[in-house]
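Coordinate inspection notes
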Amino acid sequence: MIYVLNGPNIGRLGIREPAIYGHTTYADLVQICVDAAKRLDVEVEVRQTDAEFEMIKWLHEAADAGAHVALNPGAWTHYNIAIRDACAMLRGSLIEVHISNTHRREEFRHKSVISGVATGVIMGLGVDGYRLALEHLAQVGASG
């Protein structure tokens, strides 16, 4: 099982700042992940939340299962130590995914507290970054 976890405001894709995030909706993103997983012959669970406690619960679930995670932490990227600490508990690989290139944006978006515990980071490639993350995680072998 590979978890694709999305943080705050990702559920607003297609509506939120399309000049930055594009016109792909969240439903489209879920379908992209499901289609990629089917092609890669892996199981995927795609989830989105705006609630910190729920994301932490999902990360704990993934840690307990030894599963790999593709995570777009949204705004939590830049300050959320609780999410970072939950990520540090993962036994599988963690790929941090960002639709935009955060280094080309506002200064406060340049730092990630998650990257230090991530296996890798994919950013600035739009929603295609999710497919790339799934391809990598499938290659290293889905656990759980």
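Thresholds, definitions, all that
- Along each chain, numbering runs from 1 in the same order as the chain's sequence is written.
- Reporting in this predicted model follows two pLDDT cut-offs: at least 70 for local features of residues, and 80 or more for side-chain atom pairs to be given and counted; totals over whole chains, interfaces and linings ignore these cut-offs and use all residues.
- Excluding hydrogens and water, the side-chain figures rest on all heavy atoms present in the structure.
- UniProt positions are given in the numbering used here, feature names are shortened, and annotations may be inferred rather than shown by experiment.
- Residues grouped as a nonpolar core are buried Ala, Val, Leu, Ile, Met, Phe, Trp, Tyr and Cys residues, joined through side-chain atoms within 4.5 Å.
- Whether a residue is buried, partly exposed or exposed follows from its accessible area with a 1.4 Å probe, protein chains only, as a fraction of its type maximum: under 20%, in between, or over 50%, in that order.
- Secondary structure elements are defined from DSSP: runs of H or I of at least 4 residues count as helices, runs of E of at least 2 residues count as strands, and each element is numbered from the N terminus.
- Contacts: residue pairs with any heavy atoms within 4.5 Å of one another.
- Throughout, the arc means that of the directions going from the helix axis to the C-beta atoms.
- Whenever two N or O atoms come within 3.5 Å, that pair is a polar contact, provided that in protein one can donate a hydrogen and the other can accept it, and provided that, for residues adjacent in sequence, both atoms are side-chain atoms.

As annotated in an unreviewed UniProt entry, the protein chain carries the name 3-dehydroquinate dehydratase and is attributed to Paractinoplanes durhamensis. We quote the UniProt Pathway (unreviewed entry) comment for the protein chain here in full: "Metabolic intermediate biosynthesis; chorismate biosynthesis; chorismate from D-erythrose 4-phosphate and phosphoenolpyruvate: step 3/7." Note on the protein chain: under the UniProt heading Sequence similarities (unreviewed entry), the record states "Belongs to the type-II 3-dehydroquinase family."

**So, the nonpolar core**
Core analysis: the biggest nonpolar cluster contains 23 residues, and Val 4, Leu 29, Cys 33, Tyr 130 and Leu 134 have the highest contact counts within it. Listing elements by their share of this core, those giving two or more residues are strand S1 (2-6), helix H2 (26-40), strand S2 (44-48), strand S4 (94-98) and helix H5 (128-140). Examining the composition of this core, we find that 5 residues originate from one element, H2, more than from any other. Core analysis: the next-biggest nonpolar cluster, separate from the first, contains 20 residues, Met 55, Val 69, Leu 94 and Ala 118 among them.

**Concerning the UniProt feature "site: Transition state stabilizer" (unreviewed entry) in the protein chain**
Within this structure's numbering, the places UniProt gives as "site: Transition state stabilizer" (unreviewed entry) are Arg 16. By secondary structure assignment, the location of Arg 16 is in the loop between S1 and helix H1 (18-21). A relative accessible area of 22% places Arg 16 in the partly exposed class. Those residues within four positions of Arg 16 in sequence are excluded, and the remaining contacts are Asn 9 and Tyr 21.

**Points about helix H4 (residues 81-88)**
Among all positions of H4, only Ile 83, Ala 86 and Cys 87 are buried. Viewed end-on, H4 has its buried residues packed into an arc of 100 degrees, placing them on one side of the element. At its buried positions, H4 is contacted by helix H3 (52-65), strand S3 (68-72) and S4. Between the side-chain oxygen at the start of H4 and the backbone nitrogen of Ala 82 there is a gap of 3.1 Å, and the oxygen is on Asn 80.

**What to know about the UniProt feature "active site" (unreviewed entry) in the protein chain**
Within this numbering scheme, the UniProt entry marks Tyr 21 and His 98 as carrying the feature "active site" (unreviewed entry). Judged by maximum C-alpha separation, these annotated positions cover 78 residues in sequence but sit close together in space, the widest gap being only 9.6 Å. Tracing the chain through its elements places Tyr 21 in helix H1. The class for Tyr 21 is buried, based on a relative accessible area of 10%. Beyond its immediate chain neighbours, meaning those up to four positions away, Tyr 21 contacts Leu 13, Arg 16, Ile 99, Ser 100 and Arg 105. A distance of 3.4 Å separates polar atoms of two side chains, one belonging to Tyr 21 and the other to Arg 16. Position of His 98 among the secondary structure elements: in strand S4. Once residues lying within four places of it in the same chain are set aside, the contact partners of His 98 are Asn 72, Pro 73, Thr 77, Ile 122, Met 123, Gly 124 and Leu 125. Reaching out from His 98, the side chain makes a polar contact with the side chain of Glu 96 at a distance of 2.7 Å.

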